Every structure is written in structure tokens, then in C-alpha cells.
Amino acid sequence: MTPPTPSPAAPLEVTDESVEKSITSPDSKGSESRSPGRLAWRRFKRDRTGVISACIVIFFFVIAIAAPLIAKLYGKNPYTTYASARPELLDDFSYPAGANGGMSSEFWFGIEPQLGRDVFTFLLYGIRTSLGIALAATILTCVAGIIIGVTAGYLGGRTDYFVSRIIDIVLSFPSTLFFIAFMPVVYGLFVAPDDNVPTWLIAVSLIVVLSAFGWASIARLLRGQVLGLREREFVEAAKVTGASPMRIVFKELLPNLWTPIIIQATLMLPAYVTAEAGLAFLGVGITDPTPDWGVMIGRGAQFYSQDFTFMLFPGLSMVIFVLAFNLLGDSVRDALDPKSKR
Amino acid sequence: MSTTNPLLDVSGLTKHFPIKGGFPIKRTVGAVQAVDGLDFQVAEGESLGLVGESGCGKSTTGRLITRLMEPTGGTISYRGQNITHASRRQLAPIRSEIQMIFQDPYASLNPRQTVGKIIAGPMEINDINPAGGREARVRELLEIVGLNPEHFNRFPHEFSGGQRQRIGVARALALNPKLIVADEPVSALDVSIQAQVVNLLQEVQKELGIAFVFIAHDLAIVRHFSQRVAVMYLGKIVEIADRDDLYGNPRHPYTRALLSAVPEATVDENATARERIRLTGDVPSPINPPSGCRFRTRCWKATEKCATEAPPLVQISGNKPGHLTACHYPETADVIPAQRLSQDPESAA
Ligand SMILES: Nc1ncnc2c1ncn2[C@@H]1O[C@H](COP(=O)(O)OP(=O)(O)OP(=O)(O)O)[C@@H](O)[C@H]1O
Ligand code: SF4
Ligand SMILES: [Mg+2]
């Protein structure tokens, strides 16, 4: 049997055209406006991976915000060393007496070796601290990067040259090495060498230092974007009508920069979570009595051969979070910028 | 054409873009002479066509008039007020009177703003509150340019190129301007849509009495639109005349060459009688333009004199008043019978 001869390309063209029309013709669908943002949202909703990752990420943020409430309902806190009141919780070697790191209906995720703190609330509060620092650092980085990058790109000339050189210098620093060496110096500026460094100071220093090294990449990206955008005719159109530089930056340029900013921010936040944890692990970030993801992993590393459960919860939750956030970042980029197919 | 009390008076207008180079210290090593000493006037309600090949400085001229760029020399007066080096604040009162329509309908509308916002933007910036509100004015403008007024909350990407250009026209009209600089407003559009947009601009010009500086790269479009036409070559005006004089009695070799390139159907019948002139070679670089007459490298009549002496833009014998030509050896006058000059050019549209 011979298949029917395909008719000349005409029908194909017709369908193509109708598709094209439904995209471009304003009469195709009522008066509903399809803003670029809404189109991106629609593309995002169709992305299974993205939606699932978003749910996971939102879940983490919700438990971080609700940590005190959850702890209250659960009836424990991350500071009490439950084993000192009830020594039977730990065995002779100071490891949890029960199986699986002491997991029970009372201590859902088990108890900590040696001190006997509650793992569940410690993890909740740890996530809260880590996400809070990472989020604050991301926001500060973005704000600094936007202001510096957009200003350099828009003003051009000497300002741009000067800023670009600073960006080059900042980007050329080995930042991880620098954090380790530099964090104690920052603490030393405020606190006498023998005193305890207050937690708020550590947190603020972390946020500032992470941002101080992070702004350069986003500033460079936005500077490049603005250099391209400011030559576009719609900027000239605004100038012809007498728009002030402020208005041009905020009303004409910035709305066109949200895409790269959001993409950068979604890549930055998980990087900051791991960086913050890494610094805590290395002992230059948040330190022990304060619950923190990195502190917990650091503690877990001490006991993992005897009590793997204690390492498992913070480690696994962080892997899940960072993975989900990175997948979310990819989906956000695909949705906002459909042309950038990887 | 009245040159007694012009709306816009440009004299000696010059724009040289510095070329930076050198190592390690950057310095100016030369200049792109994009616009080099333009003189022209635009009367109220008049449309001046500005024609020339790519790169001859038309867009630069448009941007100088609208003061998107700072001239390096010459003066620009608007209604007798010198605006050559006026700051943004000093320009504010007349910003609403000089508007611009851009070449690229895709780049000239902010993709993140609705049409309503784009058109209302100029009113917002200049703090103009029309009776009935800005939204009503936006609808009215959309109607004027032939778009559905209900589409004010749509985004540019939902419109076709021709529709976008209409949005650009609406934005330019939003402030009730007296002068619109249209920089090749239709050259990015389909040929079939070009006529529609030109007709729209023509209506706007006639009904609202707006003066135009209409930039184009060929003489065909300008013919239907402009009462007066200036031909540019490498940053200089080589010929400027009333439409009928220019098309009927072109005196500069370059004008003649451009005219012979215009498709026959848009030029009157006796164009066939005209010899077809093919311009050979490229436009020389504006960084290092030819000495004397800038057209001499491509001119078939060039002599020693053309290389040494720049021809002034003057009224040469046989020209009507207001018809100025910059050539040492102009083409012979009156090749076209006089009765054809009065022919209505719109019939060709
Ligand atoms: N910002 C700038 N810096 C340096 N050179 C420039 C700049 N703008 C324009 N030029 C140069 O000035 C000359 C004239 O440019 P212009 O854009 O005015 O030409 P045009 O007549 O509008 O051409 P087209 O028909 O291609 O639009 C060109 O040689 C161009 O390279
Ligand atoms: S001046 Fe000489 S070179 Fe220039 S256009 Fe006239 S004849 Fe040609
Ligand atoms: Mg141009």
C-alpha cells in the first residue's frame, strides 16, 4: 500500500501561519494582556522539574520561618542538653543509647552524641540560620551589584572604566581562601581577641563579606546589559520626551533587567548556603552553640563512623535543598529566557 | 517656502565623532565627520525630506536636531531660541514640541511596558494632564493612528511591525508636537505596509499641521511626503529644493543618480527618457572624506577643480529661488518640460 502522496507544502504553511497569527495578532484572544512576565509564568508552570523544585524550596523556607512554632508544638528546643537531665539517653561512650541515633517518637531525628541535644529542632533552627544569612547576603549582593553595575553601564566613560577595574580585581581574588583568612580579622576589628564573638556580629560579618565578594559578578553582568540597552531606541525615545536619568534607569532599563537579576539570584542563594556552611565547618563562620547547617555537619563529621544518623539529616537535607534550588534556577532561566537553550 | 520665520533653523551644523586610539594612553587620533556643516530651515507645518545613502549622516542629523546628541559645531534654533547646547532642564519647555519617530519598530518600544504606558509616558514625564485623563487621551491617540483603542494594555510583542510603528507615531503625537523628526520610519517595514504608514504620517501632517523632518534613503518615499527635499552626501547637503524643482530639475549629479535609481513607476513617465545612471564604488569613509567636492570619487564629471575646491551650496543660474546646489559643473537645467512640474505627485502613489 502506498501512502497517499503528501500534498504540496501548502497545508503545512497554513498551520504555520495560524500558529504565527495566534502569537502576534492582538485579536486572537479577548482583551487579556500577555505580559512578558505572565508568559514566563505560563512557561514555568509547564516545567515539571521546576514546579517540584519550587515546592521543595518553598517547603524549606516555610519550615525555616516557622521553626519556632514547630519547635513549640513539638515541645523541645535546640539548646537544651536533654541527656544531662536524663543520662539514660546516651550510652557509656556518650553515643545515643537507642537505635538509629536515638530516633524515637520523642526525638524524631534522634539525639546528638555527647551533648544530647535534640536533632530535629537543631536542624530546623540550623536551616533557619543558614537560609537567613544566605538570603540576606543574596539581597545585599543583588542591591549592590544592581546599583554599581547599572550606574557604570549607564554613565559609561571614566566611571565605567574605574568600576570595571575594581570588578576585575574583586573577581580575581581567591575568595574562599580569603574568607578563611579574613573572617577572624573582621571579628578582631570589633572584639578583643579573648572575648567571645557575639553571634549577630558573626552573622553580619558573614553577610557583608560574602556580599563584598559576590557583587562583582552581577555588577559586571548588568553593566554589560545596560551598555546594550542604553543604545536601544526606546531609551532615546524616553530622552526625546525629556525623561530624567533616574526615570530612564528605573522605568526603562530596570524592568528589562529583572530576568538576569532573578537568574543570578537563584544561582547565588544556594552557593551562599554552601559557602556559609563551609565557613562554619571550617570554624570561621557561625560557631557551635548556635544552631546552623554547617555547624551541624561539622559536628556530624566528628562522629560519623559511630553515629551516621547524626550526619545524615543535615547532609541529606542540604543536598536536597541545594539541588532543588539549582534545578529551580535552571527552570527559572528557561522560563524567563526561552531563547537561551542550554 | 517661507524662510522668513522658520520653526527650525539649522546653520553650520557639525558633528564629528572622535576616534580614540593609541597605546598605552588613549587619545583622539581622528574624527568621523558624520555631519559637516549643514544649513537648512524648516517652516511651520512644512515637511522637509532628508535623503542620502547609508552612512551619510542622516540619523546623526536627526539626533542632533532632537538634541539626543551634542553638536560639535554650528547652531540649532527652534523658534528663534538657540538650543544648540541647551541642557536637559533648559530644553524641558520645548521637549514636548520636538518629537521623534524611530527607524526600528522593534527596538523603539520598551518590551516591558504596555502600549498605554508607552504612549502615556511622555505625558507623565512632562506632567501633562489632558482633560478626561491620560487614559482617554491614549485611547484617542490609538484611534488616530488606526489601532484598536481597547488594546492599550497590551505589550509591544503582541503587535506586528506596522502596528508597532503606529504606536511609535501615537507616542510622538502624545505631546502635540510642532515638529517631528522621522528617521526612516518605514524602511524596516514590509513594502506593502510602508504605504499605509506613510499615508498615516501624511494625514497627521496635514490635519494637525505638524512640521516634519522626514529621513529616507531613497527619493521615492519622500516624493509623496515632503514639500521640500534635501539630498545629503557624506555629511553635507549637496542639493536642496522644493519637491517639484528637485524631481523635475535635478542639478547635482548625485541627485540625478539617486533619481535614476527610483523605480520607474513612482517617477513620472518621461523618466524613461532619462539616462540610467549607475553609481559605482562605495561611499568613501567619513573619517577621511575626499578633498574638495566629496562626491568627486564617484562623479563622472569630476575635474581638477573638484578635487581642490569645495563647491558652495548656492543658487545656480537656471534654478528657482530656494533651489540650492553644490556643484561646479551642474547638470543642464530644465530637462523636463515645464508643464510636468505642476503634475500632482500624489497621483503616482
Ligand atoms: N556614536 C557614534 N560614534 C562614532 N561614529 C558614529 C556614531 N554614530 C554614527 N557614527 C558614524 O557616523 C556616520 C553617519 O552615521 P548615521 O547613522 O548618521 O548615518 P545614516 O545616514 O543614518 O545611515 P543609515 O541610512 O545607515 O541609517 C557613519 O559613518 C557612522 O559610522
Ligand atoms: S563638484 Fe565636481 S565632483 Fe562634485 S558633483 Fe560637481 S562635478 Fe561632480
Ligand atoms: Mg540612520
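Calculation criteria
- Chains are numbered independently. Their residues run from 1 in the order of the written sequence.
- Chains and ligands are labelled by the order in which they are written, letters from A for the one and numbers from 1 for the other.
- The predicted origin of the model limits local features to residues at a pLDDT of at least 70 and limits the giving and counting of side-chain atom pairs to 80 or more, whereas totals for whole chains, interfaces and linings rest on all residues.
- Processing note: side-chain calculations cover all non-hydrogen atoms of the structure and skip hydrogens and water entirely.
- Residues are classed as near a molecule or strand on a simple rule: at least one heavy atom within 4 Å of it.
- Any N or O atom pair separated by 3.5 Å or less is treated as a polar contact, with the protein-specific requirement of one donor-capable and one acceptor-capable atom, and with residues adjacent in sequence counted only for side-chain atom pairs.
- Areas reported as accessible are Shrake-Rupley estimates using a 1.4 Å probe. Residue values count occlusion only from the protein chains shown.
- Helix and strand definitions here come from DSSP, where helices need a minimum of 4 consecutive H or I residues and strands a minimum of 2 consecutive E residues; each element is numbered from the N-terminal end.
- Only Asp, Glu, Lys and Arg are considered charged in this grouping, and only Ala, Val, Leu, Ile, Met, Phe, Trp, Tyr, Cys and Pro are considered nonpolar; every other residue, Gly among them, is considered polar.
- Two strands qualify as a pair provided DSSP detects at least 2 bridges between them.
- Contacts are residue-level and defined by heavy atoms, with any inter-residue pair within 4.5 Å sufficient.
- Between N-to-C directions, angles cover 0 to 180 degrees, with each direction set by a line fitted to C-alpha atoms, over the stretch in contact for helices.
- In plain words, nonpolar cores are sets of buried Ala, Val, Leu, Ile, Met, Phe, Trp, Tyr and Cys residues tied together by side-chain atoms within 4.5 Å.
- For the exposure calls, accessible area comes from a 1.4 Å probe over protein chains only, and a residue counts as buried if that area is under 20% of its type's maximum, exposed if over 50%, partly exposed in between.
- Our working definition of a disulfide is a cysteine sulfur pair at a distance within 2.5 Å.
- Per-residue confidence from the predictor is reported as pLDDT, a score between 0 and 100.

Novice: Looking at this structure, I do not really get the site of ligand 1. What am I missing?
Specialist: Residue and element names in this part refer to chain B. As a structural note, the neighbourhood of ligand 1 is formed by 13 residues, with Ser54, Gly55, Lys58, Ser59 and Thr60 the closest of them. At a separation of 2.8 Å, an oxygen atom of ligand 1 approaches a polar backbone atom of Gly55. Glu184 has a polar side-chain atom sitting 3.0 Å from an oxygen atom of ligand 1. Protein burial of ligand 1: of its 630 Å² of free accessible surface, 63% is covered by the chains. When residues of the shell around ligand 1 are assigned to their parent elements, the largest contribution, three residues, is made by helix 1 (residues 58-65). Among the residues forming the shell around ligand 1, the class breakdown is five nonpolar, five polar and three charged.

Novice: It is not clear to me how the sheet that holds strand 1 (residues 8-21) of chain B should be interpreted in this structure. Could you clarify?
Specialist: Strand pairing in a sheet is mediated by backbone hydrogen bonds. Such pairs are either parallel or antiparallel. Residues and elements named next belong to chain B. With respect to topology, four strands assemble into an open sheet ordered 2-1-4-5, the strand pairing being antiparallel. The open sheet has two edge strands with one neighbour each: strand 2 (27-42) and strand 5 (81-82). Examined bridge by bridge, strand 1 and strand 4 (residues 73-78) share five bridges and lie antiparallel to one another. The residue bridging Asp9 from the neighbouring strand is Ser77, located in strand 4. Together, strand 1, strand 2 and strand 4 form the strand contacts of helix 1, whose direction differs from that of strand 2 by roughly 70 degrees.

Novice: Just checking my understanding: could you explain the site of ligand 2 for this structure?
Specialist: Close to ligand 2 lie 13 residues; Cys293, Cys299, Cys306, Cys327 and His328 of chain B are nearest. The residue inventory of the shell around ligand 2, partitioned by class, reads nine nonpolar, two polar and two charged.

Novice: Even after reading the chapter, I still don't get the nonpolar core, so can you show me in this structure?
Specialist: Note that soluble globular proteins tend to have their nonpolar side chains buried in a common cluster. Counting residues in each nonpolar core, the largest one holds 83 residues, and the members touching the most others are Leu131, Trp293 and Phe321 of chain A. Broken down by element, this core gets its largest block of residues, 16 residues, from helix 6 (residues 119-155) of chain A. Setting aside its immediate chain neighbours within four residues, Leu131 of chain A contacts Phe60, Phe61, Ala64, Val273, Trp293 and Phe321 of chain A. Counting residues in each nonpolar core, the second largest holds 56 residues, with Leu109, Val115, Tyr233 and Leu258 of chain B among its members.

Novice: Looking at this model, I keep getting lost on the state of the cysteines. Mind explaining?
Specialist: In a disulfide, the sulfur atoms of two cysteines are covalently bonded to one another. Residues and elements named next belong to chain B. In total, this model carries zero disulfides over all chains according to the counting rule given. Cysteine Cys56 remains unbridged, with the sulfur of Cys293 as its closest cysteine sulfur at 14 Å. Residue class for Cys56 comes out buried when judged on its relative accessible area of 1%.

Novice: Quick question: what am I supposed to make of the confidence of the model for chain A here?
Specialist: For residues with low pLDDT, the predicted coordinates do not support detailed interpretation. In the predicted model, chain A carries a mean pLDDT of 82, and the fraction of residues at 70 or more is 89%. Per-residue pLDDT stays below 50 along residues 1-31 of chain A; that stretch engages in 19 contacts with residues further than four places along the chain or on separate chains.

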